[in-house]
Structure formats: C-alpha cells, structure tokens
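Understanding the architecture of this molecule
What follows is each chain in one-letter form.
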Amino acid sequence: MVQLRKVHGSENHFFLLDQTTLDQPLNDGELAALAQQVTNPQTGILDGADGLLVVNSSAHANVLGQMRVINADGSEASMCGNGLRTVSRYLAEKNHTNQFKVETLTADLQVSRQNDLAPDVPAFSVEISPVRFKPADFPFTNLGDGALIDQPVPAFAAGLNFTAIAVPNPHLISFVDEDTMNSDILGKLGAHLNGHNDYFPDGVNVSFAQILGKNQLFVRTYERGVGFTNACGTGMSATSLAFAMTHPHLGQFDHTITVYNPGGMVKTKVHQAADRYWIDLIGNATQTHLIEVDEAQLHGANVTTETATIEPTTEETAYLKFVDQLPKVSAIAVKK
Ligand SMILES: N[C@H](CCC[C@H](N)C(=O)O)C(=O)O
C-alpha cells in the first residue's frame, strides 16, 4: 500500500504523489492517465481535483525534492504556485526542516514555512520564477514580435488591455471592472485560447483582475488544461507583477499585495533586480485527506472508492473558518 494525499492552496485542489515511496515510479504515460482518472469527478474520488502533483527525488544541492505538475487533462505544466506550497509543506514535514529549495522544470525555487494563517491553517512562501516576456517563452504569435504589456487586443475582447507574463508557465492578464469580471467574457476567451487558435499554440492561463485598492486585487483565472479553478498561484503572482508594472501608483514592488480569489486569499511580493523579476507567493498549504491504495492501482489509473481507503483530516474545517473571516470582495463562489 502507498499513500496519496489530497491537498489545496486557496481551494485549488490537487492529488499529491511522492514517487520515492513507490517500488517503481510511474512512467509519463501512466502519470497522464492517473491524473485524468483520479481528478475527474465522475471517475475519480473526492469530487476530483485540478491536477496531480508528482514528487520525485532531486540530485541538486540543498534541494529536498523535484515537483512535476500534471493538469487534469493530462498535460504537463512547468510550474504551479498553489501546488508548490503544498509540496513544500509535504517535504518540510518529511525532512523536519522549514527552509529549502524545490526543483521544478526550469529552476530550483526557494521555499519556507510561514506562520499559520489561522489555527490548523499552515502556510508557506514559495519563489515564483523565472519571469519571461518574449513571445517564444509562451509561445504566442500574431501579437507583435515583442513583449505584450498593457496593450489592447480587440480580437480577444473589445475595450480590454492585456499583458502576457510567463512565470515560466504562460499567463495572459487583463485588469477589468466588476461587470466584466462577472460576465462570461473570461470563460469564452479562456476556452478559445486553449482550443484551436491563432495566438497561443500551447494554450495559456487567462486571468481577469479587479483592483480593489492600493496593493489589493481580486483575481479569477481560467486555467490551461483545467478550466476555471478557485485560484491559480502562478496566475495571481503574474497578475501581481503586471499590477506593479502597469499601475505603479497602486501596485508596489517590494510591498505585500493582498490577492483575493474565489477560494480565499494569498499574499504576494514582487521584486525587481537589475535584469530580472521574481515573485514571492505566500498562502495556505492545506491537506484535506490521506489516501491509501495499492501501487498497482496507481500504475493502472484506477484510484476509486473501491480500491482506496480515504481518511479526512480536520484541516478543511479550519480553512473554511479562515475564509469566513475574510472581507467579502466578490460574488463569485468557490467551485467544488
Ligand atoms: N494550469 C497551469 C498549471 C497549474 C498552475 C496553477 N494551478 C497554479 O497554482 O499556479 C498551466 O497549465 O500552466
């Protein structure tokens, strides 16, 4: 029997699998098949999830593990901000330490345990980088041959400006008013740019942001490979950087930015040094269920209520209590 965990950052839900506990790690095809099966509300368990976080060993110095991210549709992403917080907590508790690095597809990222956000609501800070802007980094086409920063793109939506930032997974961001936030524009644009389109051949995470005040945002994201999620960590991080770059009198570098989302709230801090940017993403790392299943069922993409034993923790109740005491900033409800 091996252990699987159900975890979330701001109600962006994942199953977490530590492959170092397996006799035989899953190959890439098996990982994609398992992600699609177990995250599907119909075929999986616990109302499904937004993706699968895979922990492997790392040979890099001062690095406690490697994180891979498989979206619900089986596609692999280079980064996952909410997921990295939960992987960091898992590795911190497994190795009895609170500050270290985690290897991701393009960089070893600094992570550290933070004070609990509330009783039984553990929190971590994770580095989001590298940050890129060139069309080839997404990739995107037909939007000019330089960075896309605060530009109108009528083909996407009339009257909106867009910014493209890769962290390093690809993000398209627009600052919008409340009516636009509550309209179907984000869902339609997200579906279009993640289907057959002339701009983002590999898809893109699309975020709409409302500016609530100085260093305060509400962000909603239509994620590549998933659709609407309650929060997207890299999306909120990229949006915070776009905020500081395009609204410098409201979004400040090196200041804490509070980012509300349909699943709760995180904090970000955007930094700029000579030739690079990076973002700190701080928020909950909640573990809602411990799951026991035979390794063979993982290889066979067959984790169901028949094959797995599922134990809830007390942390979801604690997290919802934390969310209840937050200011009500949006009518957009949590997606189950
Ligand atoms: N859907 C994303 C990966 C998950 C990122 C998101 N869940 C986060 O917390 O950053 C992509 O394909 O780039």
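Residues numbered from 1 in each chain as written. Predicted model: local features only at pLDDT ≥ 70, side-chain atom pairs only at ≥ 80, totals over all residues. Heavy atoms only, no water.

An unreviewed UniProt entry annotates the chain as Diaminopimelate epimerase of Secundilactobacillus silagei JCM 19001. Note on the chain: under the UniProt heading Subunit (unreviewed entry), the record states "Homodimer." On record in UniProt, under Function (unreviewed entry), the comment for the chain is "Catalyzes the stereoinversion of LL-2,6-diaminopimelate (L,L-DAP) to meso-diaminopimelate (meso-DAP), a precursor of L-lysine and an essential component of the bacterial peptidoglycan." (UniProt positions renumbered as here; feature names shortened; annotations may be inferred.)

Overview of the overall build of the chain
In terms of regular secondary structure, the chain is built from 7 helices and 19 strands. Taking 2.2 N^0.38 as the reference for a compact globule, 336 residues should give roughly 20 Å; the C-alpha atoms of the chain span a radius of gyration of 19 Å, in line with that estimate. With 336 residues in all, the chain has 58% of them scored as buried. Taking the intrachain contacts of the chain between residues at least 6 apart in sequence as the baseline, contacts between residues at least 24 apart amount to 64%. Accessible area of the chain: about 13400 Å², with a carbon and sulfur share of 49%. The chain carries 21 positive and 36 negative side-chain charges, and their two centres are separated by 6 Å. (Helix = DSSP H or I, 4+ residues; strand = E, 2+ residues; numbered from the N terminus. Rg over C-alpha atoms; globule rule 2.2 N^0.38 Å. Buried < 20%, exposed > 50% of the residue type's maximum accessible area, 1.4 Å probe, protein only. Contact = heavy atoms within 4.5 Å. Areas by Shrake-Rupley, 256 points an atom, 1.4 Å probe, with all protein chains shown as cover. Lys, Arg positive; Asp, Glu negative; His and termini not counted. Charge placed at Lys NZ, Arg CZ, Asp CG, Glu CD.)

What about helix α7 (residues 315-324)?
Residues three or four positions apart in an α-helix share a direction because the helix packs 3.6 residues into each turn. What α7 keeps buried is the set Glu315, Ala318, Tyr319, Phe322 and Val323. Along the axis of α7, the buried residues cluster in a sector spanning 140°; they form a single face. Residues of α7 that are exposed and point over 90 degrees away from its buried face: Thr317, Lys321 and Asp324. (Arc of directions from axis to C-beta.)

As for the environment of Val55
Assignment of secondary structure puts Val55 in strand β3 (residues 51-56). Overall, the relative accessible area of 1% leaves Val55 in the buried class. Taking C-alpha positions, Val55 is 7.5 Å from Leu16, a pair spaced 39 residues apart along the chain. What Val55 contacts, discounting residues up to four positions off in sequence, is Leu16, Leu17, Asp18, Gln19, Thr20, Gln66, Val87, Tyr90 and Leu91.

Focus on the UniProt feature "active site" (unreviewed entry) in the chain
With numbering matched to this structure, UniProt assigns "active site" (unreviewed entry) to Cys80 and Cys232. Separation in sequence by 153 residues is not matched in space for these annotated residues, since their most distant C-alpha atoms are only 7.8 Å apart. With respect to the helices and strands, the residue Cys80 is situated in the loop between β5 (76-77) and α2 (81-95). Excluding anything up to four places from it in sequence, Cys80 contacts Phe14, Leu53, Met67, Val69 and Thr234. Along the chain, the position of Cys232 falls in the loop between β14 (227-228) and α5 (233-246). In this structure Cys232 touches Asn12, Asn82, His171, Thr221 and Glu223, once residues within four positions along its chain are discounted.

Here we look at the UniProt feature "binding site: substrate" (unreviewed entry) in the chain
Within the UniProt annotation, "binding site: substrate" (unreviewed entry) is assigned to Asn12, Asn71, Gly81, Asn82, Asn169, Asn205, Glu223, Arg224, Gly233 and Thr234. Summarising the element assignment, Asn169 is placed in the loop between β10 (161-166) and β11 (170-175). With a relative accessible area of 4%, Asn169 lands in the buried category. Apart from the residues within four sequence positions on either side, Asn169 is in contact with Ser78, Met79, Asn205, Arg224 and Thr234. Topologically, Asn205 is positioned in strand β12 (residues 205-213). Given a relative accessible area of 3%, Asn205 falls into the buried group. Among the polar contacts listed, one links the side chain of Asn205 to the backbone oxygen of Pro170, at a separation of 2.9 Å. (Polar contact = N/O pair within 3.5 Å; in protein donor to acceptor, adjacent residues only side chain to side chain.)

Quick notes on the pattern of salt bridges
Think of it this way: side chains of opposite charge can pair up when their charged atoms draw near. Counted according to the given criterion, the structure contains 8 salt bridges. A salt bridge links Arg68 to Glu76; the shortest N-O distance between them is 2.8 Å. We classify Arg68 as buried; its relative accessible area is 16%. Salt-bridge contacts for Lys134 lead to Asp137; the nearest nitrogen and oxygen are separated by 3.8 Å. Overall, Lys134 belongs to the exposed group, its relative accessible area being 55%. Several salt bridges converge on common partners, so that one network encompasses Arg89, Glu93, Arg113 and Glu315. (Salt bridge = Lys/Arg side-chain N within 4 Å of Asp/Glu carboxyl O.)

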